[in-house]
Amino acid sequence: MKSAMIAAAGVMMFWGAPALAKDAALEAPIYQFVEAFNKGDITAAAATHADDAHITDEFAPHFWGGHDVLKRWAADFDKDAAAKGLTNPKVVLGVVTRELVTGDRAYVVVPSTYTYTLKGVAMAESAQMTYALKKQANGWKIVAWTWTGPDASPAK
């Protein structure tokens, strides 16, 4: 009986759960987005997102959605950075820690480190970025992402 229950659970997990995969094509828009952000190339960063994407981030207004979302997020980022005296922003992504794919939808979690200079002081913030993606005719596109982590502290 016990072995039958284990076998049934295994079948349910195989057929009923999203597939866990490591897919370079799926991860590509995530790394391309951050690389473009680090270069200040908002047009290239926006090209990795679906037109109706959503963003949740730690600076006001904290949520952006819809058409031209990345351009609007970037404009608010720039305003916030200028007001705070923040310069030299850079995000470094680690290796994907969670990747779930169900058909044309995906969920990806990546550890991230955000570094910048705040009024002359080097700062670092370790966090995670969580992405939702959708496979479109021209490949995977980011449909949502969020930045989640504690406050930054002086870099060591």
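Refer to the structure printed above.
So, here's what we can say about the structure.

As a further point, take helix α2 (residues 24–39). With 16 residues, α2 should reach 22 Å at 1.5 Å per residue; the first-to-last C-alpha distance of 22 Å fits that figure. Among the residues of α2, Leu 26, Glu 27, Pro 29, Ile 30, Phe 33, Val 34, Ala 36 and Phe 37 are the ones counted as buried. Of the residues that open α2, the one with a side-chain oxygen 2.9 Å from the backbone nitrogen of Ala 25 is Asp 23. Phi turns positive, to about 80 degrees, at Gly 40, one or two residues after α2.

Take the pairing of strand β5 (residues 98–102) next. Burial along β5 is one-sided: Glu 99 and Val 101 are buried, while Arg 98, Leu 100 and Thr 102, pointing the other way, are not. Sheet topology note: the β5/strand β6 (residues 105–118) ladder contains 5 bridges and is antiparallel. The residue of β6 that forms the bridge with Arg 98 is Val 109. Linking two consecutive strands that pair antiparallel, namely β5 and β6, is a turn of 2 residues; a positive phi of about 65 degrees is found at Gly 103 within it.

Mapped onto the elements of the fold, Tyr 31 is located in helix α2. Separated by 63 residues in the primary sequence, Tyr 31 and Gly 94 place their C-alpha atoms 9.8 Å from one another. When neighbours within four sequence positions are excluded, Tyr 31 is seen to be in contact with Leu 93, Gly 94, Val 95, Val 96 and Val 110.

Attention now moves to unusual backbone geometry. Residues other than glycine predominantly adopt negative phi, and peptide bonds predominantly adopt the trans conformation. Omega for the peptide link from Ala 60 to Pro 61 comes to 10 degrees, which places this bond in the cis form. For Asn 88, which is not a glycine, the phi torsion comes out positive at approximately 55 degrees. Tracing the backbone shows Asn 88 in strand β4 (residues 86–93). Of the residues examined, Asn 88 reaches a relative accessible area of 56% and is grouped as exposed. For Lys 119, which is not glycine, the phi dihedral falls at a positive 50 degrees. Along the chain, Lys 119 turns up in the loop between β6 and β7 (121–136). A relative accessible area of 68% places Lys 119 in the exposed class.

Cut-off values and rules
The residue numbers shown here count from 1 along each chain, following its written sequence. This being a predicted model, a pLDDT of at least 70 is required before a residue's local features are given, and a value of 80 or more before pairs of side-chain atoms are given or counted; all residues contribute to the totals for chains, interfaces and linings. Side-chain metrics in this entry use all non-hydrogen atoms of the structure; hydrogen atoms and water are not considered. The numbering of helices and of strands both runs from the N terminus, where a helix is a DSSP run of H or I of at least 4 residues and a strand a run of E of at least 2. Given a helix with a known number of residues, its expected span is that number minus one, times 1.5 Å. Burial classification: accessible surface area is computed with a 1.4 Å probe over protein chains only, and a residue below 20% of its type maximum counts as buried, one above 50% as exposed, and the rest as partly exposed. For this analysis, a polar contact is any N or O atom pair within 3.5 Å, provided that within protein one partner can donate a hydrogen and the other can accept it, and provided that sequence-adjacent residues contribute only side-chain to side-chain pairs. Any two strands between which DSSP finds at least two bridges are classified as paired. The contact definition used throughout considers only heavy atoms, calling two residues in contact when any of these lie within 4.5 Å.

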